[in-house]
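# Analysis of the macromolecular model
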Amino acid sequence: MELPWLQLLAKPCRLLLHALSSGPAGTLAALRALQRLQAQEGPGHAFPWRSFVGALCAEEPTLDGPDGALAVKPRLLLLPVLCQRNLFSLLHAVAAVVPTDCLHQLLHAAGQDPQPDPWVHALGVLLLQGEERFSSPPPALTASCQQQLKSLCQKIAQSKAEGRRKLKWCFSKQDGDAAGCVLPGGKRKKVLEESLELSEEREGKRPLLEDAVLELQGGLDGTAGMGEEVPGETSGRSAQSPAGAALESSQQNADKEPRRISGPEVAVEVQSFIQMHGPRLKMLLLQEANRTEPSIPPELHILNSCSPSQLEGLCSFLQLSTCMEQLLVRFCSWLLALTPDLSYASAAVLAKQLFLTRVLSLTQPPSRHLMAALTSFCSKYSEPLCQVLVAPVLKEPGQGTEQTKLVCELIEECLEPDYVRMVLGQVLAVPLTEKLLPVVLAVLGRQEPLPSELFDLLVLTLCRQAPAFTTSLSYAKLVTAVLTMYRSQLSPSHRSRLAAALDGSNAALRRSLQAVLGR
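What you see is a predicted model; the values in this text were computed from it and never measured. Per-chain numbering applies: the sequence of each chain, read as written, is numbered from 1 onward. Local features are withheld for residues below a pLDDT of 70 in this predicted model, meaning they are given only at 70 or higher, and side-chain atom pairs are given and counted only at 80 or more; totals for whole chains, interfaces and linings count all residues. The basis for every side-chain value is the complete set of heavy atoms in the structure, and neither hydrogens nor water enter the calculation.

Right, let's get into a nonpolar patch on the surface. On the surface, a nonpolar cluster with roughly 230 Å² of combined accessible area is contributed by Leu 149, Leu 152 and Ile 156. The helix count covers DSSP runs of H or I at least four residues long, the strand count covers runs of E at least two residues long, and both are numbered beginning at the N terminus. Residue placement: Leu 152 occurs in helix H7 (residues 143–159). Under the relative-accessibility criterion, Leu 152 is labelled partly exposed at 48%. Every patch collects residues that have over 30% relative accessible area and no salt bridge, joining them within 9 Å if they carry like charges and within 5 Å if they are nonpolar side chains (Val, Leu, Ile, Met, Phe, Trp, Tyr). In short, Shrake-Rupley with a 1.4 Å probe defines the accessible areas, and a residue's cover is counted only from the protein chains shown. The salt bridge criterion pairs a side-chain nitrogen of Lys or Arg with a carboxyl oxygen of Asp or Glu, the two atoms within 4 Å. Burial classes follow relative accessibility: with a 1.4 Å probe on protein chains only, a residue under 20% of its type's maximum area counts as buried, one over 50% as exposed, and anything between as partly exposed.

A separate point is unusual backbone geometry. Cis geometry marks the peptide bond from Thr 339 to Pro 340; its omega dihedral reads -5 degrees. One non-glycine residue with positive phi stands out, namely Gln 319, at about 55 degrees. Position of Gln 319 among the secondary structure elements: in the loop between helix H15 (308–318) and helix H16 (325–337). Judged by relative accessible area, which is 45%, Gln 319 ranks as partly exposed.

Attention now goes to the nonpolar core. If you look at the biggest cluster of nonpolar residues, it comprises 135 residues, and the most contacted ones within it are Leu 17, Trp 49, Phe 52, Phe 331, Leu 354, Phe 355 and Phe 377. No other element matches the nine residues that helix H17 (residues 344–360) contributes to this core. Should any heavy atoms of two residues lie within 4.5 Å, those residues are considered in contact. Beyond its immediate sequence surroundings of up to four residues, Phe 377 is in contact with Cys 332, Leu 335, Ala 347, Leu 350, Ala 351, Leu 354, Phe 355 and Leu 385. Definition of nonpolar core: a set of buried residues of the types Ala, Val, Leu, Ile, Met, Phe, Trp, Tyr and Cys, connected through side-chain atoms within 4.5 Å.

We now examine the pairing of strand E2 (residues 69–74). Pairing of strand E1 (residues 59–64) with E2 involves six bridges; the strand directions are antiparallel. The residue bridging Asp 64 from the neighbouring strand is Ala 69, located in E2. A loop of four residues connects E1 with E2, the two strands running antiparallel in sequence, and Gly 65 in this loop sits at a positive phi of about 80 degrees. A pair of strands is labelled paired if DSSP reports no fewer than 2 bridges between them.

Okay, the side chain of Gln 84 next. Residue position: Gln 84 is located in helix H4 (residues 81–93). For Gln 84, a relative accessible area of 6% translates into the label buried. Any pair of N or O atoms that falls within 3.5 Å is considered a polar contact. Within protein, one atom must be able to donate a hydrogen and the other to accept it, and sequence-neighbouring residues count only if both atoms are side-chain atoms. A polar atom in the side chain of Gln 84 sits 3.0 Å from the backbone oxygen of Leu 79. Excluding anything up to four places from it in sequence, Gln 84 contacts Leu 76, Leu 77, Leu 79 and Val 120.

It is worth spelling out H17 at this point. With 17 residues, H17 ought to run about 24 Å at 1.5 Å a step, and its terminal C-alpha atoms sit 22 Å apart, in line with that. Across the 17 residues that make up H17, a large majority, twelve, are buried. Buried within H17 are the following residues: Ser 346, Ala 347, Ala 348, Val 349, Leu 350, Ala 351, Gln 353, Leu 354, Phe 355, Leu 356, Arg 358 and Val 359. Next to the buried residues of H17 lie H15, H16, helix H18 (368–378), helix H19 (382–395) and helix H20 (401–413). Given a helix with a known number of residues, its expected span is that number minus one, times 1.5 Å.

Going through the model one piece at a time under the given rule, you end up with eight salt bridges. Among the ionic pairs, Lys 11 bridges to Glu 412, the shortest N-O distance being 2.5 Å. Placement of Lys 11 in helix H1 (residues 11–20) and of Glu 412 in helix H20 is noted, with a sequence separation of 401 residues between them. Between Asp 101 and Arg 50 there is a salt bridge, and its shortest N-O distance comes to 2.5 Å. In this pair, Asp 101 sits in helix H5 (residues 100–110) while Arg 50 sits in helix H3 (residues 49–57), placing the two residues 51 residues apart along the sequence. Taking the relative accessible area as the measure of exposure, Asp 101 reaches 35% and is therefore partly exposed. Relative accessible area serves as the criterion here: at 52%, Arg 50 is assigned to the exposed category.

Below, the discussion takes up the packing of aromatic side chains. Only centres within 6.5 Å qualify two rings of Phe, Tyr or Trp (six-membered ring in Trp) as a pair; their planes then separate them into stacked at under 30 degrees, edge-to-face at over 60, and tilted for everything else. Across all of its chains, the model carries eight aromatic pairs by this definition. Between Phe 355 and Phe 377, the ring centres sit 5.5 Å apart and the planes meet at 70 degrees, which makes this aromatic pair edge-to-face. Here the residue Phe 355 occupies a position in helix H17, and Phe 377 occupies one in helix H18, the gap between them amounting to 22 residues. Phe 377 matches Phe 355 in its accessibility class, with the two residues each being buried. Pairing Phe 455 with Tyr 486 gives two aromatic rings, centres 6.0 Å apart and planes at 35 degrees, and the pair type is tilted. With a gap of 31 residues between them, Phe 455 in helix H23 (residues 452–464) and Tyr 486 in the loop between helix H24 (473–485) and helix H25 (492–501) connect regions that are remote in the sequence. Put simply, the rings of Phe 47, Trp 49 and Phe 52 touch in pairs and so form one group of aromatic residues. The criterion is that NZ of a Lys, or CZ of an Arg, lies within 6 Å of the ring centre and within 35 degrees of the ring normal, and then a charge sits over that ring. Sitting over the ring of Phe 317, Lys 282 keeps its end group 5.4 Å from the ring centre.

This part covers the side chain of His 369. Among the structural elements, His 369 can be located in helix H18. For His 369, the contacting residues outside a window of four places in its chain are Glu 325, Gln 326 and Val 329.

What follows deals with the packing of H3 against H5. Angles shown run from 0 to 180 degrees and are taken between the N-to-C directions of axes, each axis being a line fitted to C-alpha atoms and, for helices, limited to the stretch in contact. Put simply, H3 and H5 touch, their axes get as near as 10 Å, and they point 15 degrees apart. Considering the angle they form, H3 stands roughly parallel to H5. Our pair here, H3 against H5, has a crossing hand that is left-handed. Contact with H3, carried on its side by Trp 49, Arg 50, Val 53, Gly 54, Leu 56 and Cys 57, involves Asp 101, Cys 102, Gln 105, Leu 106 and Ala 109 of H5 and no other residues of that element. Convention used here: angles under 35 degrees read as roughly parallel, angles over 145 as roughly antiparallel, angles from 65 to 115 as roughly perpendicular, and any remaining angle as oblique. A clockwise turn of the near helix away from the far one marks a right-handed crossing, whereas an anticlockwise turn of less than a right angle marks a left-handed crossing.

Geometric descriptors of this kind do not, in isolation, establish any biological role.
Next up, the structure:
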């Protein structure tokens, strides 16, 4: 459902809503978006919670019920149910930094729903209880639920020896108390995230496709757990030194190299892989599109074990480059929650299969679903996205303005500072055109510190290609941005070069730029 009023919101608010609507992992994506915004704006600029909440609580006319009767509802209730759940889960994590009156406004707006979603209602009650006690929201599990969860973990641990090591947190009161404490500013979720990621890194990625296949078959039979490894192999890998692990990894890569070179063997292997896993994943993707409470299928962990050629064949079988964009959002939400993270090679294959064809064929602004999928993917795999998607858009001379606008939006709202500088390097590696000038302006608008080598290259490029932009307003804006936003990095040699380059510009532009240069 398209919501025209979203365009009226400020960019940080739109970015947060895109992240919240990205899928079942939207809360995590929103937390990362808030962290990026805080890093970009600096400590003195907090997220505009009041304007964000005010926009969500404003009333909007809509058609309600089967008879299409005209009704007026808060905009919050017009959001998808999954987005509302993610929003209240986010508020539950960051309640300490959200103004109290904003929480009350949202709870009041959510209370106007005649048929409230049970999950949204439960989170609202928890938030209200936390406010009444003048403390952070209480834990979501009651004592009886905690006891049932502990009993279930004990049964799992008894069935498998490895299970007790992975579930040891539920047998330690100390760990339980530490996990239950709530730190200001939503730090509780961050701490839990980091501990989970560290645990996954210690266990290591599944090294062989055969192990993943056995686990997948066991999972389908209901006899194997998600992501568990053979205890002997796990202890053997964890006991290795870093040098030994690196040697083993290099040996494995060397063993695999001949198979990559052999074309017929690769073709047979890819075909066999698709026949084994393709139909099941395709069925799950289509089934999940119709569920109100989506989940991450355990079969998706096979992505951590397949080769790039197998992954490319699987993407072609699933038709991910041409599927409905709603399915694209669902698939990207799975990737966001998948642990451990995909390798660079696998993420690059997915970036190409999921987005390259869609972006290069844009003739109008991208849809909300495509932007949500891009935002979700970019929050975790920025580098492969820049290399596989942004670089071709910059190098392709025949691309229109929609692709350039999309790249500018990614720069302004999604990319971390390191990758903003990477995009600038990609732009300066090709001849500047009128189409690329807004991209450089978007990079400079972030006002990220530039290394001296990159800044020197930027000034040199502007000077060398000045004759091609003697009447360009965009070029004049770009030079003005360099002179004003990066004044502290300008050396006397930079100024003299720019002054010489501006001599051939249009008289009016030259006078205005020279005035800025002489300040």
